[in-house]
Every structure is written in C-alpha cells, then in structure tokens.
Amino acid sequence: MNETTPAAVAQVPAPHKSSAAPGDGAPRPAAGSEPALTQRLAELLQRQGVLAVLLTVVIIASFVYPTFGTLDNARGVTVQASFLAVVALGMTLVIITGGIDLSVGSVFALGGVLAAWASQWGLLPALLVPLAVCGAIGLLNGFLIARAGMAPFIVTLATLLAARGILLAFTDEGATTYLVPKGSAFAELGQGSVWGFGHPILIALVLFGGGGLLLQRTSFGQTLFAVGGSSDAATLMGLPVARTKLLVYTLSGLLAGLAGALNAARLTSGVTIVGVGMELDAISAVVIGGTLLVGGAGSISGTLWGVLLLAVIQNLINQIGSLNSSYQSVVSGGFLIVVVVAQRYLARSRRTT
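Everything numeric in this text was worked out from a predicted model, so none of it was measured. (Residues numbered from 1 in each chain as written. Predicted model: local features only at pLDDT ≥ 70, side-chain atom pairs only at ≥ 80, totals over all residues. Heavy atoms only, no water.)

Please explain the overall build of the protein as it appears in this structure.
Along the protein, the regular secondary structure elements total 14 helices and two strands. Looking at the protein as a whole, 42% of its 353 residues are labelled buried. Within the protein, contacts between residues at least 6 apart in sequence are counted, and of these 76% link residues at least 24 apart. Counting every atom, the protein has about 17800 Å² of accessible surface; 67% of that belongs to carbon and sulfur. (Helix = DSSP H or I, 4+ residues; strand = E, 2+ residues; numbered from the N terminus. Buried < 20%, exposed > 50% of the residue type's maximum accessible area, 1.4 Å probe, protein only. Contact = heavy atoms within 4.5 Å. Areas by Shrake-Rupley, 256 points an atom, 1.4 Å probe, with all protein chains shown as cover.)

Looking at this model, I keep getting lost on empty space enclosed by the protein. Mind explaining?
If a probe the size of a water molecule is rolled over the atoms, the empty space left behind becomes visible. Using the criterion set out here, one finds one cavity of 30 Å³ or more in the structure. In this structure, the largest cavity occupies an estimated 40 Å³ of space. At the level of secondary structure, the elements contributing two or more residues to the lining of the largest cavity comprise helix H4 (104–118) and helix H11 (241–267). (1 Å grid on protein atoms, 1.4 Å probe; cavity = no way out; pocket = protein on both sides within 12 Å on 5 of 7 lines; lining within 4 Å. Points joined across faces, edges and corners; volume = space filled by probe spheres on them.)

What am I meant to see in the packing of H4 against helix H6 (residues 152–170) here?
Here H4 crosses H6 at 25 degrees, and the two axes come no closer than 8 Å. In terms of axis orientation, H4 runs roughly parallel to H6. Once H4 is placed against H6, the crossing between them reads as left-handed. Touching Gly105, Ser106, Val107, Ala109, Leu110, Val113, Leu114 and Trp117 of H4 are Leu160, Ala163, Arg164, Ile166, Leu167 and Phe170, all from H6. (Axes fitted to C-alpha atoms, helices over the stretch in contact; angles between N-to-C directions. Parallel < 35°, antiparallel > 145°, perpendicular 65-115°, else oblique. Left-handed = near helix turned anticlockwise from the far one by under 90°.)

How do you make sense of the side chain of Ser119 when you look at a structure like this?
Summarising the element assignment, Ser119 is placed in the loop between H4 and helix H5 (123–147). Not counting chain neighbours up to four residues away, the residues in contact with Ser119 comprise Ala126, Leu179, Val180, Pro181 and Phe186.

What is the right way to read the confidence of the model for the protein from this model?
A low pLDDT score tells you not to read the predicted coordinates there in detail. Taken as a whole, the protein shows an average pLDDT of 83; of its residues, 80% reach a score of 70 or greater. Within the model, the stretch residues 1–32 combines pLDDT values under 50 with eight contacts to residues more than four positions away or in other chains. (pLDDT = per-residue confidence, 0-100.)

Sorry, what's going on with the packing of aromatic side chains here?
Aromatic rings in a pair are described by how distant their centres are and how their planes are angled relative to each other. Under the defined criterion, the tally for this structure stands at three aromatic pairs. Centroid distance Trp117 to Trp121: 5.1 Å. Interplanar angle 80 degrees. Geometry classified as edge-to-face. Looking at Trp117, the relative accessible area reads 28%, which means it is partly exposed. The class of Trp121 is exposed, set by a relative accessible area of 53%. Taken together through their ring pairs, the aromatic side chains of Trp117, Trp121, Phe170 and Tyr178 make up a single cluster. A cation over a ring is seen here: Arg75 above Phe197, with NZ or CZ 5.7 Å from the ring centre. (Phe/Tyr/Trp six-rings, centres within 6.5 Å; stacked < 30°, edge-to-face > 60°. Lys NZ or Arg CZ within 6 Å of the ring centre and 35° of its normal.)

Mind showing me how you'd approach the environment of Trp121 here?
For Trp121, the location among the structural elements is in the loop between H4 and H5. Along the primary structure Trp121 and Pro181 are separated by 60 residues, whereas in three dimensions their C-alpha atoms are 9.8 Å apart.

Help me out: how do you make sense of a nonpolar patch on the surface in this one?
The grouping of Leu55, Ile59, Ile60, Phe63 and Val64 at the surface amounts to a nonpolar patch, some 540 Å² of accessible area in total. Relative to the helices and strands, Ile59 is located in helix H2 (residues 29–64). (Patch = residues over 30% accessible without salt bridge, like charges linked within 9 Å, V, L, I, M, F, W, Y side chains within 5 Å. Salt bridge = Lys/Arg side-chain N within 4 Å of Asp/Glu carboxyl O.)

Is there a simple way to explain the layout of surface pockets in this structure?
Taken as a whole, the largest pocket spans an internal volume of roughly 600 Å³. Looking at the largest pocket, it is lined by 22 residues, and the ones nearest its centre are Gln80, Ala81, Leu84, Met278 and Asp281. Of all the secondary-structure elements, those providing two or more residues to the lining of the largest pocket are helix H3 (71–96), H11, helix H12 (278–288) and helix H13 (300–320). Broken down by element, the residue count for the lining of the largest pocket peaks at six residues, all from H13.

Just checking my understanding: could you explain H4 for this structure?
Along an α-helix, residues three or four apart share an orientation, since each turn contains 3.6 residues. Under the 1.5 Å per step criterion, the end-to-end length of H4 is 20 Å for 15 residues, consistent within 8% with the ideal 21 Å. Counting buried residues along H4, 14 of its 15 residues qualify, which places the element largely inside the surrounding structure. (Expected span 1.5 Å × (residues − 1).)

Even after reading the chapter, I still don't get unusual backbone geometry, so can you show me in this structure?
One can expect most non-glycine residues to show negative phi and most peptide bonds to be in trans. At Asp172, a position not held by glycine, the phi torsion is positive, near 55 degrees. With respect to the helices and strands, Asp172 occurs in the loop between H6 and helix H7 (185–191).

Before we go on, may I ask you to explain the packing of H4 against H11 in this structure?
Geometrically, a packed helix pair is captured by the angle between its two axes and the distance between the axes. Between H4 and H11, the shortest axis-to-axis distance is 7 Å and the interhelical angle comes to 50 degrees. Compared by their axis directions, H4 and H11 come out oblique. Of the two elements, H4 crosses H11, and the hand of that crossing is right-handed. The residues of H11 that touch H4, namely those facing Val104, Val107, Phe108, Gly111, Gly112 and Ala115, are Ser252, Gly253, Ala256, Gly257, Ala259, Gly260, Ala261, Asn263 and Ala264. Looking at the contact of H4 with H11, its residues break down into eight nonpolar, seven polar and no charged. (Nonpolar A, V, L, I, M, F, W, Y, C, P; charged D, E, K, R; others polar.)

Honestly, H11 in this entry has me stumped. Any pointers?
Taking 1.5 Å of rise per residue, the 27 residues of H11 would be expected to cover 39 Å, and the 39 Å separating its terminal C-alpha atoms lies within 8% of that figure. Taken across its 27 residues, H11 has 20 buried, putting it largely inside the fold. Thr268 sits one or two positions beyond H11 and adopts a positive phi of about 55 degrees.

Explain the pattern of salt bridges here, please?
When charged atoms on two side chains of opposite charge get close, those side chains can pair. This model, assessed by the stated rule, comprises one salt bridge. The shortest N-O distance in the salt bridge between Asp72 and Arg75 comes to 3.4 Å. Here Asp72 pairs with Arg75, and both are found in helix H3, just three residues apart, close to one helical turn.

The following block contains the structure:
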C-alpha cells in the first residue's frame, strides 16, 4: 500500500529549525497566550478606551481650570448632555443593526414644539403627543427600511426634511413660539432636581440602564448584534430581521421625541431652531463610544462616555473664553477621525490574532 502511516511520518527527519521558530512542535506557552492577550486588549480598548480619555481630560482640566471641577459645573455639563444622551441612546441601537438615523435632530425639535403646545392641557398630553408623533415618524422610517428595502440614509434624510417642514408649518415659519405654563408639572419635569441633579439627568440614567439591560440581557439585544453582523445570516438563522429594524427605528424616534419634550420643559418653550446638526453629534458620540458604523458591535456605556466627552469639550471651550463654540466641531471631528482609524486598527488586530 502507498498510504503514509504515522510511523512512516515519524521516521522522516524534520528540517533543522531554530527553537524560536513557529511550527517546530515545541511547547510555546508565551506565544500561545500572546494572541489571546492582544485580542482581549483590543476589545477592551474598543469598548472602554473613550472612558480613559474622558477621565484624563477631566483630571487635567480640573487642575488647569479650578472652576471646571466644581459640583455646580458638573451639574451644568451633565444637564446639557442629558438631552443628547437620550437621542444617542436610540442612535446606538440603530447603528448596531448597521443602520443610520439622520432624522433625529428634526424629530427632537418637533417633539419639543409639540410638547410645549400640548402642555397647556397638562403633563400627560405634553408627553404623549410628541411621543405619538415622533414614534410614528420612527415607525415610518422602520417600515420603509425594513419592509420596503430602502436605504436608511435616503429614508431618514427624507424624514429629516419632512419633520422640519412639519415643525415650520406648525409654528408659522417659526413666528409662533409655544410657551410652557410656569409652575406646571411639565415645567417641573425639566427644571426640578433630586439631590441637586436635574430630572433630565436622572431620566437619562434610567434609560441608559434599561438600554444596557436590553442590549446585554435579552434575546432582542443579541438579535441586534446578529442583524448588524450579517443581515443575511440572521435571516438564515430564523431571526426576525425586519421586525427588529422596525422596532429600533421606532425606538429612535420615540427617544428623540422624549428628549425634545424634556428640553422644552427645561426651556419652558418650544424653540424651533434647536436640533440643527444634532444627528451628527449623536452619531459622533456613538462612534467615539466604540460602536462600529458597519454594525454588529457596540455598547450603551460607551455611548454615554462619548456624550460626556463631547459635553466636556464644549465646556472646556467655554472655560477658555477666547475660543468660540465652532471649535467644538473641529475638536469633535478630530476625535471622530482618530477613533475611526483606531477602530480599523483594532479590528485588524483582532482578525490577525
């Protein structure tokens, strides 16, 4: 027989190799553990690298600018960040599935105006009206993307324009400003505080806690990752891909509307010019937080750190005084480029280990 037996293989002399060369059959405990260690380090940096950057910036800024590290300043930063955080939470779920939602800035503004208008009838109408309308816009996005197979970029760009148009029509091209009754329960929702921290902060933290549990502890959360990783593979696995996309876009619309309502309650008016470019801030915060734009990977906590980092940058620009707010866009854009490049490098490192 011409078969090569194990005994015959053992009789063939092995070529001479250095003891450090790979593939020589010698035990390599250090080499065997190094790829796994590198992969774990890359995963950790992708998930929590922004937290390390945030802590570094906060510590340095507290020494350089004494007023930055005060409790009052921390409260102001977190309150301002809470509205973007709620919007970015919905954006995180959308991007994990491999989608994008450009309509959230206009939906945020529309939700605020509708909440201010409905606040004359009490707290519940002030919350339910914007949630119903903004949720319907999100549902429309989800239906056109999941059921009709349209591109998320085109669909949400169209609803961005549509929501802004509805807003302008409802306010007579911005000439009418709806006011929230002072002293009402709805105004208290935006301006009240617990232990010195505003209600919007607490609401945002509760939503992020629920979002984290949804993403990590439920089958729906695992489905989001599967859909973002490969929509076709998720379909072959029998996962409800279309329904999942429908739900995340609806949630994104609801959260944007809720954030707009909370902002109106804090300002006690429905301001028509807010939310311009907010979708880009939300996307920046999500990506800086470690969520991949291609989908399939991301975290709720990373988004929270990304939002706070952008808020801290804005506050530092205000602390400097000699710089105007336009520099925030420059710095945020720089952070975004660095993070995207780092993500590509980390992803390549994980594939090669």
